[in-house]
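Take a look at the letters that make up each chain.
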Amino acid sequence: MEPTRNSHATLVDLLDRVLDKGLVINADLIISLAGVPLIGVNLRAALAGMETMLEYGLMKEWDVRTRVWESEHRKKNVEPIYTAVVGR
Amino acid sequence: MSLETQHRAKTQATLATEAIVGEEGRYVYCVANAGEEISLGKIGIEEHEVYAIPYKDVCAVVHNCPAQPYHSDDQEVVKAWVMTHQKVVDAACERWGTVLPLSFDTVIREEAEKSAEQNVKDWLKQEYEEFKRRIEKVRGKAEYGVQVFWEPKVIAQSLTSASPEITRLDEEIKTKPKGLAYMYRQRLENLMKHEMETKADECFKDFYGRIRKYTDDVRVEKTKKAEPGLQMIMNLSCLVYRDRYTELGEELGKINRMRGFAVRFTGPWPPYSFVGGA
């Protein structure tokens, strides 16, 4: 299948990235942005009711466990390829 | 006072103290892998001129603004800002190939003895080694979003028919008086929950292994509420070599064609999920 980046259909995916992620700057240098998380919260609530919650109510703990499994798995298993390339 | 009003009051109070009249700031879109001193034109938020501030062979892509955050209660306005932020990062990506994106609304301030411009330069200088390391990590790659959903009803059905115990309970309920039937139903639900989680576990590990092969790195995100009738069981951000995304797409196609499953594949995104943190 082909990836999509149609700006309407993937707005939520964009927001997940642009509002929460990216390079972090030392807090001393930047204007402290008390308003920013709010922008994210309001906008997202309006867009899609996108709380991180699983319907069927039952699988929230499962979701947490899964992420724990992954992080353990990651520690135990192969180093990502880039470390080999960069020779960090 | 509602929570939202409280928040807003707090925000405005903060804004009032932060916005010092006349102070200069630089809104930063991304750090790019080039030492050019160049303008990208008036493509920025509210049509500001976007330009690069270089240090050695890296640069910060910025526009000039007052030292205060962008803020609006109008969601359409905020949406347009966010889209523009993304477009500028895209333009930088197209021009220089590898960029480290920043999140929306990051504004570098001036200080008593130091202009905002100088602050940006000092920041680049101070973080130079780290930026180079991160640029190497994401060079030649892009981020893709992969979300796997299943239809709980379809999955539950197939689990029911595959489990003799569930089938038996399901049958027995019909013959029981009301009170007893209720207890049976509780048992059935618990059993079902357990079976669904076990199945979700299996699927997650299976899919994770298959997807991991085509990616350089993966971040597991929280699952989110999906449209009615669907449940998200996997939410990944994947860092993928640009020439390998078709292979990933083929693998995802296989998952997408499984009965009761659906895959959402988005991107390419700038590598937002792989440039933050340690």
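About the thresholds
Residues numbered from 1 in each chain as written. Chains lettered and ligands numbered in written order. Predicted model: local features only at pLDDT ≥ 70, side-chain atom pairs only at ≥ 80, totals over all residues. Helix = DSSP H or I, 4+ residues; strand = E, 2+ residues; numbered from the N terminus. Buried ≥ 20, exposed ≤ 12 C-beta atoms within 10 Å, placed from the backbone. pLDDT = per-residue confidence, 0-100. Contact = placed C-beta atoms within 7 Å. Pairing = 2+ DSSP bridges. Axes fitted to C-alpha atoms, helices over the stretch in contact; angles between N-to-C directions. Parallel < 35°, antiparallel > 145°, perpendicular 65-115°, else oblique. Nonpolar A, V, L, I, M, F, W, Y, C, P; charged D, E, K, R; others polar. Core = buried A, V, L, I, M, F, W, Y, C linked by C-beta atoms within 7 Å.

1. Let's talk about the overall build of chain A
Of regular secondary structure, chain A possesses four helices and zero strands. Put simply, chain A has 88 residues, and 24% of those count as buried.

2. Notes on the environment of B:Glu172
Residue position: B:Glu172 is located in helix H5 (residues 164-175). For the pair B:Glu172 and B:Thr160, spaced 12 residues apart in sequence, the C-alpha to C-alpha distance is 14 Å.

3. Digging into the environment of B:Asp216
All names here are of chain B. Tracing the sequence through the fold places Asp216 in the loop between helix H6 (178-212) and strand E8 (217-220). Using a count of 20 C-beta atoms within 10 Å as the deciding quantity, one classes Asp216 as buried. With 133 residues separating them in the primary sequence, Asp216 and Met83 have C-alpha atoms 27 Å apart.

4. Looking at the confidence of the model for chain A
Residues and elements named next belong to chain A. Summary statistics for chain A give a mean pLDDT of 64 and a share of 51% for residues scoring 70 or more. Within chain A, helix H4 (residues 81-86) has the poorest average pLDDT of any element, 32, and helix H1 (residues 11-20) the best, 86. The model gives residues 34-38 a pLDDT under 50, and that stretch makes 11 contacts with residues more than four places away or in other chains. Segment residues 78-88 is flagged for pLDDT under 50; beyond a separation of four residues in sequence, or across chains, it makes nine contacts in the model.

5. Overview of unusual backbone geometry
Generally, phi is negative for residues other than glycine and the peptide bonds are trans, each holding for most cases. All names here are of chain B. The step from Gly267 to Pro268 runs through a cis peptide bond, and the omega angle for that step is -5°. Inspection of the secondary structure puts Pro268 in strand E10 (residues 261-269). For Glu46, which is not glycine, the phi torsion reads 50° and is therefore positive. Mapped onto the elements, Glu46 comes out in the loop between strand E2 (39-41) and strand E3 (50-55).

6. Looking at the sheet that holds strand E7 (residues 141-150) of chain B
Residue and element names in this part refer to chain B. Spatially, E8-E9-E7-E10 is the arrangement adopted by the four strands of the open sheet, whose pairing is antiparallel. Here the strands that pair on one side only, and so sit at the sheet edges, are E8 and E10. Taking each pair of neighbouring strands and ignoring which way they run, the sheet shows an average axis angle of 20°. Taken together, the 10 bridges between E7 and strand E9 (residues 231-241) define a ladder with antiparallel strand orientation. Bridge assignment links Gly145 to a residue of E9, and that residue is Ser237.

7. Concerning the packing of helix H4 (residues 152-162) of chain B against H5(B)
Residues and elements named next belong to chain B. Between H4 and H5, the shortest axis-to-axis distance is 5 Å and the interhelical angle comes to 95°. Here H5 runs roughly perpendicular to H4, going by the angle between their axes. The segment H4 lies against H5, with Leu159, Thr160 and Ser161 engaging Ile166, Thr167 and Asp170. Residues that form the contact of H4 with H5 fall into these classes: two nonpolar, three polar and one charged.

8. Overview of the pairing of E3(B)
Residue and element names in this part refer to chain B. As paired strands, E2 and E3 are joined by two bridges and run antiparallel to one another. Pairing of Gly41 across the sheet is with Val50, part of E3. Sheet topology note: the E3/strand E4 (residues 58-66) ladder contains five bridges and is antiparallel. Bridge assignment links Pro54 to a residue of E4, and that residue is Cys59. Joining the antiparallel neighbours E3 and E4 is a turn of two residues, in which Lys56 adopts a positive phi near 45°.

9. Structural notes on the nonpolar core
B:Tyr29, B:Cys30 and B:Val61 are the most contacted members of the largest nonpolar core, which has 75 residues in total. Excluding residues within four positions of it along the chain, B:Cys30 makes contact with B:Val61, B:Val89, B:Ala92, B:Val99, B:Leu100, B:Pro101 and B:Leu102.

10. Here's the deal with the pairing of E4(B)
Residue and element names in this part refer to chain B. Burial runs high along E4: seven of the nine residues are buried. Note: strand E1 (residues 24-32) against E4, eight bridges, orientation antiparallel. Looking across to E4, one finds that Arg26 is bridged to Asn64.

11. Comments concerning H1(A)
Along H1(A), the residues classified as buried are A:Leu14, A:Leu15, A:Asp16, A:Arg17, A:Val18 and A:Leu19. Positive backbone phi, at 110°, marks A:Gly22, one or two positions downstream of H1(A).

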